[in-house]
Amino acid sequence: MSRDLYQQTLTELAAGLEGGDFSCVELTEALLGRVEQHNEALNAFVTVMSEQALAAAKRADEARAAGNGGVLNGLPLVHKDIFCTRGVLTTCGSRMLEDFVSPYDATIVERLASAGAVVLGKTNMDEFAMGSSNETSYFGPVRNPWNADCSPGGSSGGSAAAVAARLAPAATGTDTGGSIRQPAALTGTVGLKPTYGRVSRYGMIAFASSLDQAGVITRSSADAALLLGVMAGFDERDSTSIDHPVPDYTAALSQSLDGLRVGIVKQHFDEGLDAQTGAAVREALSVLEANGATLTEVDLPNIDLSVPTYYVVAPAECSSNLSRFDGVRFGHRTENPEDLFDLYCSSRGEGFGAEVKRRIMTGTYVLSAGYYDAYYLKAQQVRHLIADDFKKAFETVDVIAGPTAPTPAFKLGDKTDDPITMYLNDIYTIGANLAGLPGISTPCGLVDGLPVGLHLVGPHWGEETLLRCAHNYEQLSAWHFACPGDFE
Amino acid sequence: MSAWEVVIGLEVHTQLATTSKIFSGASTAYGAEPNTQACLVDLGYPGVLPVLNKEVVRMATKFGLAVNATVAPRSVFARKNYFYPDLPKGYQISQYELPIVERGELFITDADGNEKRIGITRAHLEEDAGKSTHVGLGKHSGIDLNRAGTPLLEIVSEPDLRSAREAVAYMRKIHTIVRYLGISDGNMQEGSFRCDANVSVRPRGQEELGTRAELKNLNSFRFVEKAINFEIERQIEVIEDGGEVVQETRLYDSDKNETRSMRSKEEANDYRYFPDPDLLPVEIDAAYIEAVRETLPELPDAKQQRFVDEYGIRAGDATILTASRALADYFEEVVAATAGKPQGVANFVIGDLSGALNKGGLAIEESPVSAKALAGLLDRIKDNTISGKIAKEVFEAMWAGEGLADDIIEAKGLKQITDSSAIEAMVDKVIEANPGQVADYKAGKEKLIGYFVGQVMKETGGKANPGQVNQILKQKLG
């Protein structure tokens, strides 16, 4: 036992707990100590759940002593603050829910808890998951552990920063247009967004219902496989979750790269991509090729339309999803409203930040009478075309590989005045959301001391292939072991 | 004939009789304490999701089949977006472009007694909103979300109705059908059955429709008729005074019997409908539809025809008796149990029984006189134990809970006198006491026979068999 507990992956910690090398209470205390020490600099947490975590750790130790406990017994993790947690604040990064204590647990919160996971806290995020830099959070931006002046990406920036800085071995996240994969790439962590319908959305505060999917941010694909096995599966409370068998994701890791057909999309390597990031990704592709995979170019003719399509569909759904925040039953309510109209306008005006308002207005506009056909309907048609492109591509390849984001982490404040540049950060990830496909980002290099990610997209239910590919790459490259200097 | 033609289309909102809500497991029972039957889904809490109650699909399918409509193989739930305190999510889940039922029809009887076809454009599933209350809360309003999420079937007619009377006939027909199908209790006091009416007028002969007004939330047959008639008069007056009818939503005030403007077309919401991404399309295959068809009961039109054919009762009576499945069942039960003729049963059920029920404010299911008991009474008329007139008296006693017909007849000594010698003695007495009338009768004033019958009946306390009395009188008066 040379390495500190906080440096270990979930898989290593599981073995250590099982072998009795340390107790869950010791592990939890160690990590809470890390949080105490570093969170102020990072602002990764909205809520630290010390008391609940220690109580859960104690129960996990007792369960283990009694020979019980689920597959995650005693393993610590953090939840993105978009997941409802009973009796604990669930803010969604918004003033609107600054004081909101959920009366129920999200399905994944429940599933992870019953498998024995210990929750250390709730992580900071872009407000209502709308953002790519974590700067839209009402609770302030999260800082990138690799460079405190930089963004950790978003919207699951708090989760990514917490895992990258070794404050927690794993985190949940949500991905509507890249919100798990992009921050994972920008923080040197592994981010997995499953197939739409693979993981229940019940209890996950909705941004864009047809695109939202819960997933994980971890330090290895093996850890992602472990968590996904617990989170995945049909939930009768979510009509869009799909009753599809949950395979043994961990077993899929042991397969080699032999015969794996990897597709490369030309448009993903064009002028928008930072040269050094591109070089790192190409290097990663050659590692795959050298170890049994074959590379072929595939065509996604409509992929360039994915960002504009997304910025019609997502705001449309968000404008409706966020209507429930009206100051009547829960959430922020303005003081002394003059009348009903004022109650609505002031509560929402005060409760929502600028980016959320921008998207509500965009969404309201594209759904309006006279504009619906030109925007929303058209976007849905393009969405089908993009999904068809992927479907066709997956007739000849098993995964599509490329960069996760066009650049490494950017400076906080750099893009806040220009939403379009900010939106383009998700240019490579959005396609998977529009088509409902699984995607993973795994670290593939450092550019000027900042991590970059290799992005893999698979066909529906292709999580096993993605995990197998990413895991093999991690074994060959070891970029995922890289730790930001201040947090070693 | 008026120079104006009236054009009406109705949107009937029927609450479906499920035990739980359309998208949550909360109870739909009426009358609970405010906000005790609203779960997190009904309250629109962050993160919750709707799950369709499959029972509503079955009920809507039943309705579609009953009105000879197309049940859509694929229908889609959409969000209707607007802000209101009793609408927790800020949108109502409804069906918009692809409803579950399309292109149906039913038949009503028009003013000339002819059968008239009324087209049903569509019927779609949706959730009800909660309600606002303003009583006893000072300047505040209260919100009760018990009703939020209650399943509704909104049935939209073609603009085929030409008078308030036709509109009511159509609405009654829908009411009858949904209760036959057992998909709604049709309770109008509790708001389970209500309608909006689109009303316009145009010069007779004109093809183009006039501008319509939508009358909201009419919750009784009487109000539908009164509101539409008021609105027709109002619109004609506006036009005849040189004005123009404006497209608007109007509210009917039953206290003042008038409609008044609620909001104009310009103030109307843009509902920004779009398919609800939280719900999958409802897909129905032919096997499902056939399985539902198997469960359909005999429908009112078919039952009415059968009553005429099988029992030989008058068509109008058959219509009345089949207006409710329970009443029709009652009638058939009595017919099966009595030796009396079906038309006699119909007369008694429509007359005495319905009258008593109305007076007591009771439904047929609550009748204190069971079908079997009524059959027992009608048997005594048939076998001449009592007359029809005495039967009314016996029925009243039965209604009051004094027992079965036979017991009451016995106890009260109401048995008809059929002994000829007894009746003869009575007739002799009457003839003797009325020499003047006897002379007049013999002189040709034959109408006086009624007077003599009346006198004899009076003597016997109504118990003499009227046929026998008549016969003996005629004999004696020669």
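Residues numbered from 1 in each chain as written. Chains lettered and ligands numbered in written order. Predicted model: local features only at pLDDT ≥ 70, side-chain atom pairs only at ≥ 80, totals over all residues.

What about the overall build of chain A?
Assigned secondary structure in chain A consists of 16 helices and 11 strands. Here the C-alpha atoms of chain A give a radius of gyration of 21 Å, agreeing with the 23 Å that 2.2 N^0.38 yields for 488 residues. Principal-axis analysis of the C-alpha atoms gives chain A an extent of 65 × 50 × 45 Å. A separation threshold of at least 6 residues defines the contact pool for chain A, and within that pool the share at least 24 residues apart is 76%. (Helix = DSSP H or I, 4+ residues; strand = E, 2+ residues; numbered from the N terminus. Rg over C-alpha atoms; globule rule 2.2 N^0.38 Å. Contact = placed C-beta atoms within 7 Å.)

A look at the domain arrangement of chain B
Residue and element names in this part refer to chain B. According to the domain assignment, chain B consists of domain 1 (4-291), domain 2 (300-412) and domain 3 (420-477). Computed from C-alpha atoms alone, the centre-to-centre distance between domain 1 and domain 2 is 36 Å. Opposite the 5 residues of domain 1 that make contact, domain 2 presents 5 residues. When its residues are assigned to classes, the side of domain 1 that touches domain 2 shows 3 nonpolar, 1 polar and 1 charged. (Domains from an automatic or database assignment. Nonpolar A, V, L, I, M, F, W, Y, C, P; charged D, E, K, R; others polar.)

Some words on the sheet that holds strand 4 (residues 77-81) of chain B
All names here are of chain B. Judged by pairing direction, the sheet is antiparallel, and its 3 strands sit side by side in the order 5-4-15 without closing on themselves. On the outer flanks of this sheet lie strand 5 (91-95) and strand 15 (274-275), each paired with one strand and no other. Here strand 4 pairs with strand 15 via 2 bridges, running antiparallel. Its bridge partner being in strand 15, alanine 78 is matched across the sheet by proline 275. (Pairing = 2+ DSSP bridges.)

Looking at the interface of chain B and chain A
As a measure of interface size, the accessible area lost when the parts come together is often cited. Contact residues are listed per partner, giving 24 residues for chain B and 33 residues for chain A. In terms of residue class, the side of chain B that touches chain A is made up of 15 nonpolar, 4 polar and 5 charged.

Here we look at the pairing of strand 8 (residues 294-298) of chain A
Residue and element names in this part refer to chain A. Note: strand 7 (residues 261-265) against strand 8, 5 bridges, orientation parallel. Bridge assignment links arginine 261 to a residue of strand 8, and that residue is threonine 294. Between the parallel pair strand 7 and strand 8, the chain is carried across by helix 9 (residues 275-290), and the sense of this crossover is right-handed. (Right-handed = clockwise from strand over helix to strand, strands pointing away.)

Concerning the pairing of strand 11 (residues 193-203) of chain B
Residue and element names in this part refer to chain B. Taken together, the 11 bridges between strand 1 (residues 4-15) and strand 11 define a ladder with antiparallel strand orientation. Note that in strand 11 the partner of histidine 13 across the bridge is arginine 194. Pairing analysis gives 4 bridges linking strand 11 to strand 12 (residues 213-218), with the strands arranged antiparallel. Bridge assignment links alanine 197 to a residue of strand 12, and that residue is leucine 215.

A short note on unusual backbone geometry
Residues glycine 154 of chain A and serine 155 of chain A are joined by a peptide bond in cis, for which omega reads 10°. Structurally, serine 155 of chain A can be placed in the loop between strand 3 (118-123) and helix 5 (157-164). Even without a glycine there, the phi angle at arginine 103 of chain B is positive, about 55°. One can find arginine 103 of chain B in strand 6 (residues 101-109).

Concerning the nonpolar core
Of all hydrophobic cores here, the largest spans 218 residues; its most connected members are Ala167 and Ala197 of chain B. When residues in this core are grouped by element, the largest group, 10 residues, is from helix 2 (residues 164-181) of chain B. (Core = buried A, V, L, I, M, F, W, Y, C linked by C-beta atoms within 7 Å. Buried ≥ 20, exposed ≤ 12 C-beta atoms within 10 Å, placed from the backbone.)

Description of the packing of helix 10 (residues 388-399) of chain B against helix 11 (residues 405-412) of chain B
Residue and element names in this part refer to chain B. It is the contact of helix 10 with helix 11, at a shortest axis distance of 9 Å, that shows an interaxial angle of 115°. The orientation of helix 10 with respect to helix 11, classified from their angle, is roughly perpendicular. For the element pair helix 10 and helix 11, the recorded crossing hand is right-handed. Residues Val394, Ala397 and Met398 of helix 10 form the contact with helix 11, whose participating residues are Ala405, Ile408 and Ile409. By residue class, the composition of the contact of helix 10 with helix 11 is 6 nonpolar, no polar and no charged. (Axes fitted to C-alpha atoms, helices over the stretch in contact; angles between N-to-C directions. Parallel < 35°, antiparallel > 145°, perpendicular 65-115°, else oblique. Left-handed = near helix turned anticlockwise from the far one by under 90°.)

Description of the packing of helix 7 (residues 221-231) of chain A against helix 16 (residues 463-477) of chain A
All names here are of chain A. Here helix 7 crosses helix 16 at 155°, and the two axes come no closer than 8 Å. By the angle class used here, helix 7 and helix 16 are roughly antiparallel. Contact residues: helix 7 offers Ser221, Ala222, Ala224, Ala225 and Leu228, while helix 16 offers Glu463, Leu467, Ala470, His471 and Glu474.

Observations concerning helix 12 (residues 420-433) of chain B
The α-helix winds at 3.6 residues per turn, so residues separated by three or four positions along the chain end up facing the same way. Residues and elements named next belong to chain B. The terminal C-alpha atoms of helix 12 lie 20 Å apart, and with 14 residues this matches the ideal 20 Å at 1.5 Å per residue to within 8%. Within helix 12, burial applies to Ile423, Met426, Val427 and Val430. All buried residues of helix 12 lie within an arc of 100° about the axis, which places them on one face of the element. Away from its buried face, by an angle of more than 90 degrees, helix 12 presents the exposed residues Ser421, Ala425, Asp428 and Glu432. Check the buried side of helix 12 and you find it contacts helix 14 (449-459) and helix 15 (466-477). (Expected span 1.5 Å × (residues − 1). Arc of directions from axis to C-beta.)

Overview of the sheet that holds strand 14 (residues 258-264) of chain B
All names here are of chain B. Reading across the sheet, the 9 strands line up as 2-6-7-10-1-11-12-13-14 and stay open at both edges, with mixed pairing between neighbours. For this open sheet the edge positions go to strand 2 (70-71) and strand 14, each flanked by a neighbour on one side alone. Judged from the 6 bridges that link them, strand 13 (residues 248-253) and strand 14 form a sheet pairing that is antiparallel. Looking at the pairing, tyrosine 252 lines up with threonine 259 of strand 14. Running at roughly 20° to strand 1, helix 2 makes contact with strand 1, strand 6, strand 7 (115-127), strand 10 (151-157) and strand 11 of the sheet.

A closer look at helix 1 (residues 10-18) of chain A
Residues and elements named next belong to chain A. What helix 1 keeps buried is the set Leu10, Leu13 and Leu17. When helix 1 is viewed along its axis, its buried side chains cluster within an angular range of 60° and face the same direction. Away from the buried face of helix 1 by more than 90 degrees, exposed residues Ala15 and Glu18 are located. Tucked into the core, helix 1 has its buried residues touching helix 2 (24-42), helix 3 (50-65), strand 4 (170-175), strand 6 (213-218) and helix 7.

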